[in-house]
Every structure is written in C-alpha cells, then in structure tokens.
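A look at the structure
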Amino acid sequence: MENFHFIRDEMLVHIPICTHADPRRILVVGGCDNLRNELGKHKGLEEIIHVDADGALEALRHLGAKKFDVAVVADERFAADREFWIELTKLLDEKGLASAPMSHLVSEEEQAKEELKLLGSIYRILMPYRYEKEDLGNGYMLLASRFYHPTADLNLQRADLTDGFRYYNSDIAVAAFQTPTFINRSYLGIIKR
C-alpha cells in the first residue's frame, strides 16, 4: 500500500498557508524534510525557520523579537504544553496563526478537550480539522488563529492554483473543518469558530 504520510504534511502546511492573506515568515517546529518541500510550493515566502522538536522551547526563546505569520508545529508532544504555546504565541504576528496535530476528538476526548481549552485561552479562533491517516482512519489537527478564519478567509487562488498538491485543495480545506453534531455538542464552548 502507498505511504499516505504526505496527506498529513500537506494538511499541516497548506491549511494555515492558504488561510493567511500574506504569509511571508514561517516557523516550523519539528517535522521532516517533506514539510520543507510542501512549503517550497508556495511563492512569496521570504523566511522559513526550522526548529528541531528536541529543545524547541529553548530555541523559541532564543528567536527573540522575530515575528512570524504562520507556525507549523509538526510534533504531537506540544499539544498540551502551555509553556510551549505561550512562547510560540509571542513569536507570532498579531494576525499570526498556527497549525498542529492534536488528540482524536472521539477516541481521546478528554485529552482533546484539555488541548483545546488550553489554546482557547490564548487564541480567538480555534478549530480542529481532520485528515486521512496512513491506516485510513482520521487524524486531527488544529488551527489556532489570532485573526484569520480557516474557511471564511481561505485564499481560493492559492489553494487551487498552487502546483504540486496531491491531496489538498479548497474543497478539502473547507470539508476538513466539518464536524458531526455529537462532536459539536460535546465541544460546545471549547471549539472557537
């Protein structure tokens, strides 16, 4: 069977890049070389800084006054790490946003709620989204934003006219944020749309 890890990488990168109106400065925490390849598909990115997941908190502190438009957090270990998110948020521009993997909304409900509550105390817009995993189940990520909304502010031209996507497109981007009624009820007041 084909390796479907590229789906995760595309969704982690292109959801925030195609949500921000003018992404130029990108911070990547953890991840693989394929994330760089995905970022390379977008024209106009001026700076991409990659921080290794090991020692990420200290590395973020050493970035000083840099301001980023988008942060792509590719490592699951930071989902409920308040100190990490506070440091990361300091590095985001006032309209900055971040994407990150999170716990499963159904099978790991308590963990997912803890993660969303933590980030909901920091970000104005906080929305989980799903993607197909290699085992053909669903995985979840989150988009945390200070300004942009992932479906209302979706840049259709960037989403559909950028070359090289294998999975991602504007229809997938909008559909990924749709959740069933029982999830909407269970996460009422926690997901911030």
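In what follows, the structure referred to is the one given above.
For the structure given in this document, a descriptive report is provided here.

Rules used throughout
Residues numbered from 1 in each chain as written. Predicted model: local features only at pLDDT ≥ 70, side-chain atom pairs only at ≥ 80, totals over all residues. Heavy atoms only, no water. Pairing = 2+ DSSP bridges. Helix = DSSP H or I, 4+ residues; strand = E, 2+ residues; numbered from the N terminus. Axes fitted to C-alpha atoms, helices over the stretch in contact; angles between N-to-C directions. Contact = heavy atoms within 4.5 Å. Phe/Tyr/Trp six-rings, centres within 6.5 Å; stacked < 30°, edge-to-face > 60°. Buried < 20%, exposed > 50% of the residue type's maximum accessible area, 1.4 Å probe, protein only.

Another point: the sheet that holds strand β6 (residues 138–145). With mixed pairing, six strands are arranged side by side in an open sheet as β2-β1-β3-β4-β6-β5. Where the open sheet ends on each side, the last strands, each with one partner, are β2 (47–51) and β5 (125–132). Along the sheet, successive strands turn relative to each other by an average axial angle of 15°, direction set aside. Here strand β1 (residues 25–29) pairs with strand β3 (residues 68–73) via four bridges, running parallel. From the neighbouring strand, L27 faces β3, where its bridge partner is A71. Set on the sheet, helix α1 (residues 5–17) makes contact with β1, β3, β4 (92–102), β5 and β6; between it and β5 the angle comes to about 150°.

Note that L126 resides in strand β5. Along the primary structure L126 and L39 are separated by 87 residues, whereas in three dimensions their C-alpha atoms are 22 Å apart. Aside from chain neighbours lying at most four places away, what touches L126 is L116, L119, G120, L142, L143, A144, I190, I191 and K192.

Right, let's get into the packing of aromatic side chains. Taken as a whole and assessed by the stated rule, the structure comprises seven aromatic pairs. Note on F84 and W85: the rings are 5.6 Å apart at their centroids and 90° apart in plane angle, and the pair reads as edge-to-face. The residues F84 and W85 share a single accessibility class, namely buried. Among the aromatic side chains, those forming a connected cluster through ring pairs are F78, F84, W85 and Y123.

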